[in-house]
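Fold and contact review
Here are the chains, one letter per residue:
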Amino acid sequence: MNMRKIINSVMAIAAMLFCFNLSATKPTAKTGKNMKSIIVYFTHSGNTDLAAKKLAEVTGSPIVRILPAEPYTAADVDWVNEQSRCTQEHLNQTLRPAIKPLDVDFSQYDTVFIGFPIWWHEEPAVIRTFLDNTDLKGKELYPFCTSYESPMSEADATLKKGYPTLKWHTGLRLPASADKIKEWIEK
C-alpha cells in the first residue's frame, strides 16, 4: 500500500514538473494575439539581422532572410552618390530589384514581422519587391527597422501609402528591450 502511494506521489510530482517545464519554455511562434507568426527581413550591414534575432527570442517566430538576386555592394549603398543603386531606387519608386525565392508558405501564418534598414527615410526597394510578390492580404503586418537616426514613422507612412490594402501596425525601431517589443506586439 505504501509503495502505491509513493508511486502515485512520484507520478504527480513528475506531471507537475512536466507542466511547469512547458510553461517555462520560450513563447511559441505566436504573438500576444495568439497568432502564428514569422519574421522576414532584409539586411545589408547585419544590423537588421541582429534585430530579427532579438525579435525571434521574444516571439519564438522562425526567421527568413530576404536576399537580393544581385547583392548590394558598398558602392550601391553610398547614399551621397546620386548614381548609387540605393539612391536610384529611392528616386525612382517603380524600381524593384529582384530577390531570391523564399521557401515559405505564408498561408500558414497570421502575422508577419517585416524588417529592414532605413534607406532614405523609408524601406529599401527590396522590401517593396517582397511586398509586391507576396500575398499578405488579411495578415497582421508589423514592420521593424534599424537606423542610427531615422524614425520608423517615415517608413510607416510610405508602407501604408504604397500598400494601403494591407493591415499595417505601427512599426518599431530596433534595438529595443524585450519588454518594449512585447508592448509593441500587444498594442
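Residues numbered from 1 in each chain as written. Predicted model: local features only at pLDDT ≥ 70, side-chain atom pairs only at ≥ 80, totals over all residues. Heavy atoms only, no water.

We now examine the pattern of salt bridges. Inspection of every chain in the model, using the stated rule, returns eight salt bridges. Here Arg-85 ties to Glu-70 by a salt bridge, and the two come within 3.9 Å at their closest N and O atoms. Placement of the pair is Arg-85 in helix H3 (residues 85-91) and Glu-70 in the loop between strand S2 (63-65) and H3, with a sequence separation of 15 residues. Exposure remark for Arg-85: the relative accessible area of 17% places this residue in the buried category. (Salt bridge = Lys/Arg side-chain N within 4 Å of Asp/Glu carboxyl O. Helix = DSSP H or I, 4+ residues; strand = E, 2+ residues; numbered from the N terminus. Buried < 20%, exposed > 50% of the residue type's maximum accessible area, 1.4 Å probe, protein only.)

Attention now goes to unusual backbone geometry. Cis geometry is adopted by the peptide bond preceding Pro-175, which originates at Leu-174 and carries an omega value of 15 degrees. With respect to the element layout, Pro-175 can be found in the loop between strand S6 (172-174) and helix H6 (178-186). For His-121, which is not a glycine, the phi torsion comes out positive at approximately 65 degrees. Following the sequence through the fold, His-121 ends up in the loop between strand S3 (111-117) and helix H4 (125-133).

The subject of this paragraph is a nonpolar patch on the surface. A cluster of nonpolar side chains, contributed by Trp-79, Val-80 and Trp-120, occupies part of the molecular surface with about 360 Å² of accessible area. Judged by its relative accessible area of 58%, Trp-79 is exposed. (Patch = residues over 30% accessible without salt bridge, like charges linked within 9 Å, V, L, I, M, F, W, Y side chains within 5 Å. Areas by Shrake-Rupley, 256 points an atom, 1.4 Å probe, with all protein chains shown as cover.)

One turn of an α-helix holds 3.6 residues; hence residues three or four places apart share an orientation. Along H4, seven of the nine residues are buried, which leaves the element largely enclosed by surrounding structure. All of the buried residues along H4 are Ala-125, Val-126, Ile-127, Arg-128, Thr-129, Phe-130 and Leu-131. On its buried side, H4 packs onto strand S1 (37-41), H3, S3, helix H5 (152-162) and strand S5 (167-168). (Contact = heavy atoms within 4.5 Å.)

It is worth spelling out the packing of aromatic side chains at this point. Note on aromatic pairs: each is described by the distance of the centres and the angle between the planes. Counted by the stated rule, this structure contains eight aromatic pairs. Ring plane angle 75 degrees and centroid distance 5.1 Å describe the contact between Tyr-72 and Trp-119, whose orientation is recorded as edge-to-face. In this pair, Tyr-72 is assigned in the loop between S2 and H3 and Trp-119 in the loop between S3 and H4, connecting sequence segments 47 residues apart. Comparing Tyr-72 with Trp-119 shows no difference in burial state: the two are buried. Here the aromatic rings of Phe-113 and Trp-184 are separated by 5.8 Å at their centres, their planes lie at 50 degrees, and the arrangement is tilted. Pair noted here: Phe-113 is in strand S3 and Trp-184 is in helix H6, with a separation of 71 residues, a long-range link. Taken together, the ring pairs connect Phe-42, Tyr-72 and Trp-119 into an aromatic cluster. For the cation-ring pair, Lys-36 lies above Tyr-109, with the distance from its terminal atom to the ring centre recorded as 5.2 Å. Over the face of the ring belonging to Tyr-72 we find Arg-85, whose NZ or CZ atom lies 3.7 Å from the ring centre. (Phe/Tyr/Trp six-rings, centres within 6.5 Å; stacked < 30°, edge-to-face > 60°. Lys NZ or Arg CZ within 6 Å of the ring centre and 35° of its normal.)

Moving on, we get to the nonpolar core. Counting residues in hydrophobic clusters, the biggest one holds 28 residues, and the most contacted among them are Ile-114, Phe-116, Phe-130, Leu-131 and Leu-136. Of all elements in the fold, only S1, S3, H4, strand S4 (140-146) and H5 reach the threshold of two or more residues within this core. Broken down by element, the residue count for this core peaks at four residues, all from H4. Once you skip the residues sitting within four places of it in the chain, Ile-114 turns out to touch Val-40, Ile-127, Phe-130, Leu-131, Leu-136, Leu-141, Tyr-142, Pro-143, Phe-144 and Trp-168. With 16 residues, the next largest nonpolar core counts Leu-55, Val-58, Leu-172 and Ile-181 among its residues. (Core = buried A, V, L, I, M, F, W, Y, C linked by side-chain atoms within 4.5 Å.)

Next up on the list: the side chain of Ser-150. Along the chain, Ser-150 turns up in the loop between S4 and H5. Among the polar contacts listed, one links the side chain of Ser-150 to the side chain of His-121, at a separation of 3.5 Å. (Polar contact = N/O pair within 3.5 Å; in protein donor to acceptor, adjacent residues only side chain to side chain.)

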